[in-house]
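# Coordinate analysis (summary)
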Amino acid sequence: MGITSEDVIPFVDLGLQHVPLREAILEITKSVLTRGDFVLGGAVAQFEREFAEYCETSFCVGVGNGTDALTLVLRALGVEGPEHEVILPALTFVATAEAVVNARGRVALADVRPDTFTLDPASVERALTPRTRAIIAVHLYGLPADMEALREIARERRIHLIEDAAQAHGARYKGARVGGLGDAATFSFYPSKNLGACGDAGAVVTRDADISARIRMLRDHGSRKKYEHLCVGFNSRLDTIQAAILSLKLRLLDGWNGLRRAHAARYRHALEGVDGFELPECSADREHVMHLMVVKVREALRDRVSTSLSEAGIGWGIHYPSPIHRTEAFKFLGYSLGDFPVAEEASRRVLSLPMYAELTDAQVDRVCRVISTSCSEARF
Ligand SMILES: *Cc1c(COP(=O)(O)O)cnc(C)c1O
């Protein structure tokens, strides 16, 4: 069974997105070269205004990447030592936990919900201590977390609630865009995110003028004015070329998210009856933006299905193969196997299928056919 190059379906294909944008991106680059305002230039302020408005918040501060965005928010909210604990989900990209350590805070983990894989408010309650300063809710795979329940906990305890929205540009929770559902929200514009730059970039959005002002200062060596350093800060500024490219792509984001959702519906329709497969939750009050198309596969079946996909030239991924407490880097937290059973089970069962706006219906159908065949053969 030979695979031709037309059969290959990569897990993500960033080249395709840039075919129609190529000329516009070259023009943007030329005009920044002419102006020479390479870092925090005019296009940065413009993108900040546009993205704050898109997220239905008041302020946006462009920074170097999504991890720094989180680190700076934590510092702006007063997290700066080991006596400041920050609760985050055990199932997330490692950057969420890394940012807490970068800010010199202490990571406290909580489990996720089995139906949505987002932070479980009941588990957050159990992780609270008198030292808890903040909760980071991750809108994992593009699905908003249980913000109402988390906001209630944060309000009662007078602690901060941060959204890690790196996977959820444009998602909605009860009609409102993510980004305005807590004290501050952070975004990554890493190229493969729903809104991606042509390099590294990130942003913080908030309704709070003080938080915004503090992050502006922290991102640029603790200064408001050149050579007036008011605190020890960071160097995490947004490049002008990236900001101008992000403004261009922001106009296309809702269309791209719509295509992602249409592909997800097609996957769902074709895979619904397949034995051993569970599909992502679709809840009426949340708009999933399908950063990743993650299915839950019966444990004994995942290796088999992923091998069949690879043999057919189809890309796939696992997000994530280890929950935070089972990674080498975070062993020092002292958690054990069994502490976060839902996150642990997820890491054994999740499988991510190809998902990007430019996928075709025929490609989605082919992925589903390979999966159905692989699963039906498994029964004999
Ligand atoms: C990508 C990502 C980040 C980090 O963003 P970078 O721009 O790569 O630093 C943080 N949190 C989550 C959930 C992410 O997916």
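I will try to describe carefully the structure that is included in this document.

Together, Leu33, Phe38 and Val39 make up an exposed nonpolar region whose accessible area comes to about 280 Å². Relative to the assigned elements, Leu33 resides in helix H2 (residues 22-35). The exposure class of Leu33 is exposed, given its relative accessible area of 54%.

Moving on: the packing of H2 against helix H9 (residues 240-271). H9 packs onto H2 with a crossing angle of 145° between their chain directions and a minimal axis gap of 10 Å. Viewed along their axes, H2 and H9 form a crossing whose handedness is right-handed. Here H2 contributes Ala24, Ile25, Ile28, Thr29, Val32 and Arg35 to the contact with H9, which in turn contributes Thr240, Ile241, Ala244, Ile245 and Leu248. The class makeup of the residues in the contact of H2 with H9 is 8 nonpolar, 2 polar and 1 charged.

A few words on the site of the ligand. Near the ligand there are 13 residues, and of these Gly66, Thr67, Asp164, Ser188 and Lys193 occur at the shortest range. In this structure, Asp164 approaches the ligand through a side-chain N or O atom, which is 2.8 Å from a nitrogen atom. One of the side-chain N or O atoms of Lys193 is found 2.7 Å from an oxygen atom in the ligand. About the coverage of the ligand: the protein hides 92% of its 380 Å² of free accessible area. Where the shell around the ligand is concerned, the elements lending two or more residues are helix H4 (66-76) and helix H5 (95-102). Of the residues that constitute the shell around the ligand, the class distribution is 4 nonpolar, 7 polar and 2 charged.

This paragraph deals with the sheet that holds strand S6 (residues 172-173). If you trace the 3 strands from one edge of the open sheet to the other, you get S7-S6-S13, paired in antiparallel fashion. The two strands at the open ends of the sheet, each matched to only one other strand, are strand S7 (176-177) and strand S13 (286-287). Pairing of S6 with S7 involves 2 bridges; the strand directions are antiparallel. Pairing of Arg172 across the sheet is with Arg177, part of S7.

Another point: unusual backbone geometry. A cis geometry characterises the amide bond from His319 onward to Tyr320, with omega recorded as 15°. Structurally, the position occupied by Tyr320 is in the loop between helix H10 (299-311) and helix H11 (341-349). Look at Leu40: it is not a glycine, yet its phi comes out positive at around 50°. Along the chain, the position of Leu40 falls in the loop between H2 and helix H3 (42-54). Relative accessible area serves as the criterion here: at 27%, Leu40 is assigned to the partly exposed category.

Next up on the list: the pattern of salt bridges. For side chains of opposite charge, pairing can occur when their charged atoms come near one another. For the structure shown, the criterion picks out 26 salt bridges. Of the charged contacts in the structure, one is a salt bridge between Arg219 and Glu48, with a shortest N-O distance of 2.9 Å. Note that Arg219 is positioned in helix H8 (residues 209-219) and Glu48 in helix H3, a separation of 171 residues in sequence. Accessibility assignment for this pair places Arg219 and Glu48 in one class, buried. With its nearest N and O atoms 2.7 Å apart, the salt bridge here joins Asp146 to Arg113. With Asp146 in the loop between strand S4 (132-138) and helix H7 (147-157) and Arg113 in the loop between strand S3 (106-110) and helix H6 (121-127), the pair connects residues that are 33 residues apart, well separated along the chain. Judged by relative accessible area, which is 21%, Arg113 ranks as partly exposed.

Quick look at the nonpolar core now. Among the nonpolar cores identified, the biggest contains 52 residues, and Phe47, Phe51, Phe187 and Phe189 are the most heavily contacted of them. By residue number, the principal contributor to this core is H9, which donates 8 residues. In contact with Phe189, other than residues within four places in its own chain, are Phe47, Phe51, His169, Leu195, Gly196, Ala197, Gly199, Ala201, Gly202, Ala203 and Leu246.

A separate point is the sheet that holds strand S15 (residues 350-353). Taken together, the 3 strands give an open sheet; going across it, the order is S12-S14-S15, and neighbouring strands pair in antiparallel fashion. Among the strands making up the open sheet, the edge pair consists of strand S12 (277-278) and S15. Taken together, the 2 bridges between S12 and strand S14 (residues 293-297) define a ladder with antiparallel strand orientation. Across the sheet, residue Glu278 finds its bridge partner in S14, namely Lys296. In this fold H11 packs onto S12, S14 and S15, with an angle of close to 50° to the strand it touches most, S15.

Rules behind the numbers
Each chain carries its own residue numbering, running from 1 in the written order of its sequence. pLDDT decides what is reported in this predicted model: residues at 70 or higher carry local features, side-chain atom pairs at 80 or more are listed and counted, and totals for whole chains, interfaces and linings draw on all residues regardless. Side-chain metrics in this entry use all non-hydrogen atoms of the structure; hydrogen atoms and water are not considered. Exposure above 30% relative accessible area and the lack of any salt bridge qualify a residue for a patch; like charges then connect within 9 Å, and the nonpolar side chains Val, Leu, Ile, Met, Phe, Trp and Tyr within 5 Å. All accessible-area figures derive from a Shrake-Rupley calculation using a 1.4 Å probe, and residue coverage is judged against the displayed protein chains alone. By definition, a salt bridge exists where a carboxyl oxygen of Asp or Glu is found within 4 Å of a side-chain nitrogen of Lys or Arg. Secondary structure follows DSSP: runs of H or I at least 4 residues long count as helices, runs of E at least 2 residues long count as strands, and numbering of each begins at the N terminus. Exposure categories follow from relative accessible area, calculated using a 1.4 Å probe and restricted to protein chains: below 20% of the type maximum is buried, above 50% is exposed, and the middle band is partly exposed. Only C-alpha atoms enter the line fits that serve as axes; for helices the fit covers just the stretch in contact. Angles between N-to-C directions range over 0 to 180 degrees. For any pair of crossing helices, the crossing counts as left-handed if the nearer helix is rotated counterclockwise from the farther one by less than a right angle, and right-handed if it is rotated clockwise. By the convention used here, residues are in contact when the closest approach between their heavy atoms is within 4.5 Å. For this classification, Asp, Glu, Lys and Arg are treated as charged, while Ala, Val, Leu, Ile, Met, Phe, Trp, Tyr, Cys and Pro are nonpolar and the rest, including Gly, are polar. Throughout, near means a residue has at least one heavy atom within 4 Å of the molecule or strand. As used in this structure description, the phrase polar contact means that two N or O atoms lie within 3.5 Å; if the pair is within protein, one of them must be able to donate a hydrogen and the other to accept it, and residues adjacent in sequence are counted only when both atoms belong to side chains. Two strands qualify as a pair provided DSSP detects at least 2 bridges between them. Remark: nonpolar core denotes a set of buried residues (Ala, Val, Leu, Ile, Met, Phe, Trp, Tyr, Cys) joined through side-chain atoms within 4.5 Å.

Honestly, it's all geometry; don't read function into it.
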